[in-house]
Amino acid sequence: MSAVQPIDAPTPAAASCDVVIVGAGFAGLYMLHRLRGLGFTARVYEQGDGVGGTWYWNRYPGARCDVESMQYSYSFSEDLQQEWDWSERYAAQPEILRYANHVANRFGLRSDIQFKTRVDRAVFDEAADRWSVTLSDGQMVRAQFVVLATGCLSNARMPDIKGLAGFKGAVYHTGKWPHHDVDFAGRRVGVIGTGSSAIQSIPIIAEQATHLTVFQRTPNYSIPARNAPLTDDERDAFRARYPEVRRFAREVARNGIYTELPDRGALDDAESDRRAKYEARWQRGGLTFMSVYNNLALDMAANDTAAGFVREKITEIVKDPGTARLLQPDTYPIGTKRICIDTDYFATFNRPNVTLVDIKANPIEDILPDAVRLADGTKVALDALVLATGFDAMTGSVARIDIRGRNGQTLNHKWAEGPKTYLGLMSAGFPNLFLITGPGSPSVLSNMMVSIEQHVDWIADCLGVMRDRGLVTMEAKRDAEETWVAHVNEVAKGTLYPQANSWYMGANIPGKPRVFMPYIGGVGVYRQICNDVAARGYEGFLMAPAEVVRKAAAV
Ligand SMILES: Cc1cc2nc3c(=O)[nH]c(=O)nc-3n(C[C@H](O)[C@H](O)[C@H](O)COP(=O)(O)OP(=O)(O)OC[C@H]3O[C@@H](n4cnc5c(N)ncnc54)[C@H](O)[C@@H]3O)c2cc1C
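Below or above, wherever it landed, is the structure these notes cover. This one's a predicted model, so the numbers in the text were calculated from it and none came from an experiment. (Residues numbered from 1 in each chain as written. Predicted model: local features only at pLDDT ≥ 70, side-chain atom pairs only at ≥ 80, totals over all residues. Heavy atoms only, no water.)

## Examining the site of the ligand
- The full set close to the ligand counts 34 residues, and Glu46, Thr54, Asp66, Tyr72 and Met448 are the nearest of them.
- Note that an oxygen atom of the ligand is positioned 2.7 Å from one of the side-chain N or O atoms of Glu46.
- Separating a nitrogen atom of the ligand from a backbone N or O atom of Val119 is a distance of 2.9 Å.
- Contact with the protein chains covers 97% of the free accessible surface of the ligand, which is 980 Å².
- Mapped onto the shell around the ligand, the elements with two or more residues apiece are helix 1 (26-37), helix 2 (54-57) and helix 14 (448-468).
- Broken down by element, the residue count for the shell around the ligand peaks at three residues, all from helix 2. (Near = heavy atom within 4 Å. Polar contact = N/O pair within 3.5 Å; in protein donor to acceptor, adjacent residues only side chain to side chain. Areas by Shrake-Rupley, 256 points an atom, 1.4 Å probe, with all protein chains shown as cover. Helix = DSSP H or I, 4+ residues; strand = E, 2+ residues; numbered from the N terminus.)

## Focus on the sheet that holds strand 13 (residues 364-368)
- Spatially, three strands are ordered 13-14-15 in an open sheet, and the strand pairing comes out antiparallel. Because the sheet does not close on itself, it has two edges, and the strands there are strand 13 and strand 15 (379-381). The average angle at which neighbouring strand axes cross in this sheet is 20°, direction not considered.
- The pairing of strand 14 (residues 371-374) with strand 15 spans three bridges and is classified as antiparallel. Note on strand 15: the bridge partner recorded for Ala371 is Ala381. (Pairing = 2+ DSSP bridges. Axes fitted to C-alpha atoms, helices over the stretch in contact; angles between N-to-C directions.)

## Digging into the pairing of strand 6 (residues 140-148)
- For strand 6, a buried count of eight out of nine residues is recorded, marking the element as mostly surrounded by other parts of the structure.
- Sheet topology places strand 5 (residues 130-135) next to strand 6; four bridges connect them, and they run antiparallel. Its bridge partner being in strand 6, Trp131 is matched across the sheet by Ala143.
- Two successive antiparallel strands, strand 5 and strand 6, enclose a turn made up of four residues, where Gly138 displays a positive phi of approximately 90°.
- Pairing analysis gives three bridges linking strand 6 to strand 18 (residues 433-435), with the strands arranged parallel. If you follow Val147 over to strand 18, its bridge partner there is Phe434. (Buried < 20%, exposed > 50% of the residue type's maximum accessible area, 1.4 Å probe, protein only.)

## Re the pattern of salt bridges
- The tally for this structure, following the rule as stated, stands at 35 salt bridges.
- In this structure, the salt-bridge partner of Asp269 is Arg264, at a minimum N-O distance of 2.5 Å.
- Given a relative accessible area of 10%, Asp269 falls into the buried group.
- For Arg264, a relative accessible area of 30% corresponds to the partly exposed category.
- For the salt bridge of Arg325 with Asp330, the shortest nitrogen-to-oxygen distance reads 2.7 Å.
- Residue classification places Asp330 among the partly exposed positions, given a relative accessible area of 43%.
- Several salt bridges converge on common partners, so that one network encompasses Asp85, Asp232, Arg235, Asp236 and Arg239. (Salt bridge = Lys/Arg side-chain N within 4 Å of Asp/Glu carboxyl O.)

## Quick notes on unusual backbone geometry
- Although it is not a glycine, Met394 adopts a positive phi angle of roughly 70°.
- As for its placement among the helices and strands, Met394 is situated in the loop between strand 16 (384-387) and helix 12 (396-399).
- Phi at Tyr538 takes a positive value of approximately 60°, unusual for a residue other than glycine.
- By the secondary structure assignment, Tyr538 is in the loop between helix 16 (523-535) and strand 20 (541-544).

## With respect to the layout of surface pockets
- What the second largest pocket holds in volume is close to 890 Å³.
- Around the second largest pocket, the lining comprises 37 residues; the ones closest to its centre are Arg254, Asn255, Met290, Leu445 and Tyr497.
- Looking at the lining of the second largest pocket residue by residue, the classes come out as 22 nonpolar, twelve polar and three charged. (1 Å grid on protein atoms, 1.4 Å probe; cavity = no way out; pocket = protein on both sides within 12 Å on 5 of 7 lines; lining within 4 Å. Points joined across faces, edges and corners; volume = space filled by probe spheres on them. Nonpolar A, V, L, I, M, F, W, Y, C, P; charged D, E, K, R; others polar.)

## Thoughts on the packing of aromatic side chains
- This structure, assessed with the given rule, holds 39 aromatic pairs.
- Ring geometry for Tyr30 against Tyr74: centres 6.0 Å apart, planes inclined by 50°, an arrangement best described as tilted. Here the residue Tyr30 occupies a position in helix 1, and Tyr74 occupies one in the loop between helix 2 and helix 3 (78-83), the gap between them amounting to 44 residues. The same class applies to Tyr30 and to Tyr74, which are both buried.
- Centre to centre, the rings of Trp503 and Tyr504 are 4.8 Å apart; their planes meet at 55°, and the pair counts as tilted.
- A connected cluster of aromatic rings, assembled from ring pairs, spans Phe26, Tyr30, Trp55, Tyr72, Tyr74, Phe76, Trp84, Trp86, Tyr99 and Phe107.
- Above the ring of Phe238, the side-chain terminus of Arg241 is found at 5.2 Å from the ring centroid. (Phe/Tyr/Trp six-rings, centres within 6.5 Å; stacked < 30°, edge-to-face > 60°. Lys NZ or Arg CZ within 6 Å of the ring centre and 35° of its normal.)

## A closer look at the environment of Gly138
- Turning to its location among the elements, Gly138 is positioned in the loop between strand 5 and strand 6.
- On a C-alpha basis, the gap between Gly138 and Asp479 in space is 37 Å, while along the polypeptide they are 341 residues apart.

## Quick notes on the nonpolar core
- With 138 residues, the main nonpolar core has Trp458 and Phe541 as its most contacted residues.
- It is helix 14 that contributes the most residues to this core, eleven residues altogether.
- Those residues in contact with Trp458 that lie beyond four places of it in its chain are Leu425, Phe434, Met474, Cys530, Asn531, Val533, Ala534, Tyr538 and Phe541.
- One finds Tyr45, Leu135, Leu148 and Trp415 within the second-largest nonpolar core, a separate group that totals 22 residues. (Core = buried A, V, L, I, M, F, W, Y, C linked by side-chain atoms within 4.5 Å. Contact = heavy atoms within 4.5 Å.)

Keep in mind these values describe shape, not function.
What follows is the structure, given as structure tokens:
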């Protein structure tokens with residue numbers, strides 16, 4: 001990491017533009033495209049050396065989307081969605097990365113993206129109503145607006161395990177996978193973690209490795225993906241329905257995914273009917289398992305029926321009863337941690353070269369140069385370690401930037417007790433600073449493409465309105481923010497979600513405040529709220545010529 005300059009160091013000559021966008025994932029790319037279309041000058045800074053964000057970094061074996069590709073794709077360009085051929089129901093990482101590159105080329109975006117450049121600091125200059133943005137190469141950029149398209153799952157979390165640095169074998173993090181092929185043939189491999197990335201990669205690593213040891217703290221619910229190649233007919237049929245599919249995903253669906261709306265709760269059906277419905281969804285595969293009934297996220301007894309069904313499936317698949325028992329989640333309701341979808345995950349534990357170690361009962365004591373040592377003294381000899389330990393989600397990448405708003409207040413200080421935003425879009429005291437899929441918006445609880453496009457469109461439209469009306473600064477009002485934060489908490493409390501120690505709650509990061517970060521009210525409802533706010537003249541925001549905003553903020 002390059003050193004961050006002291007706050008009052010002499011500033012080097014600054015480049016300037018209307019908008020600095022941080023990150024060149026799907027959010028940053030579309031933001032740039034929209035702003036250019038409105039005639040704004042915008043510059044994207046990306047720490048990686050290519051576009052694609054998540055799909056640039058997560059190159060582990062088996063990485064693929066879990067929202068079906070025909071839906072996990074941009075909808076803003078009819079030509080784009082008609083011309084791009086997804087090869088599988090769930091595209092693998094290389095294909096999604098090709099798609100991101102295709103988008104960057106097709107819309108000529110690269111000339112405004114600077115790669116291998118991290119944004120280290122952003123300071124709001126109250127006298128000039130401009131942000132001063134410091135880059136990792138020491139350059140300074142001045143901009144009227146900053147958009148943080150930094151990603152919710154982009155700050156890979158390294159576990160704090162004694163001795164890890166002294167391990168002599170290869171160490172990989174799924175979220176920062178090397179760009180070259182990694183071959184595990186002839187190696188004894190350990191995977192630490194059993195979240196989504198582990199569940200995708202374990203079956204493939206098991207096929208290559210001499211032996212695979214999976215270190216599990218908490219088991220996860222996982223549903224078969226039933227991935228398969230897409231035929232021309234399937235693609236064409238889907239494309240023909242795109243107007244309806246996209247409308248439904250944006251306006252009606254809770255999670256931005258086109259599927260049947262459940263019309264009843266789980267306890268409204270007799271046991272045999274319920275089982276038949278779960279079985280049908282299990283056979284269909286994919287994330288829509290949780291939308292069989294309308295109360296699985298709300299009612300514990302209803303949730304138990306779905307959780308019990310999945311536990312039974314695990315017992316059926318996994319031959320060793322002890323291993324099956326360990327793989328069955330029973331300490332949190334199904335769906336309250338991000339539900340996983342897999343290809344042969346549970347069956348992989350029937351292989352003779354795979355061992356499951358319960359590190360809740362027998363924690364990792366330390367890592368030796370050639371082994372993992374457990375609390376009971378057992379040593380598991382390893383040649384390679386895969387850390388599938390997830391991310392400092394939603395706030396992690398924002399927190400790594402030294403962001404200073406009015407009166408020099410840092411965003412990290414303001415968010416010390418948990419993130420505070422108005423609509424997940426702005427935080428009071430930080431004028432002209434926008435977040436895409438920030439905490440307080442549906443974000444990671446949704447098909448992210450739907451949420452990204454919604455936020456980008458809302459921000460772009462807003463900047464256009466400001467320019468047309470001669471407005472210079474915009475910021476969230478504190479009371480509007482407090483009301484929104486309370487609403488986000490209230491809605492979460494009415495569900496089963498806070499019962500799980502999930503990364504939605506920040507529970508995977510030691511010391512991180514336990515706050516349910518995403519807005520669970522549903523993408524359709526949330527979109528309507530944002531649209532209504534805009535229609536009422538951006539209610540809850542201060543938008544005014546510079547002088548007026550400064551005086552109001554001082555009160
Ligand atoms: C393995 C995996 C699978 C997923 N599958 C799905 C799925 O199927 N469906 C779904 O809806 N979502 C999925 N997600 C969530 C996924 O993150 C989003 O769908 C989407 O790709 C996010 O796009 P983004 O542009 O907001 O963020 P990202 O793709 O994370 O991009 C953010 C970019 O910002 C850059 N950046 C961050 N901080 C800085 C800085 N200070 N300076 C410069 N650059 C910076 C990062 O390097 C990164 O490239 C998945 C996530 C993971 C990790």
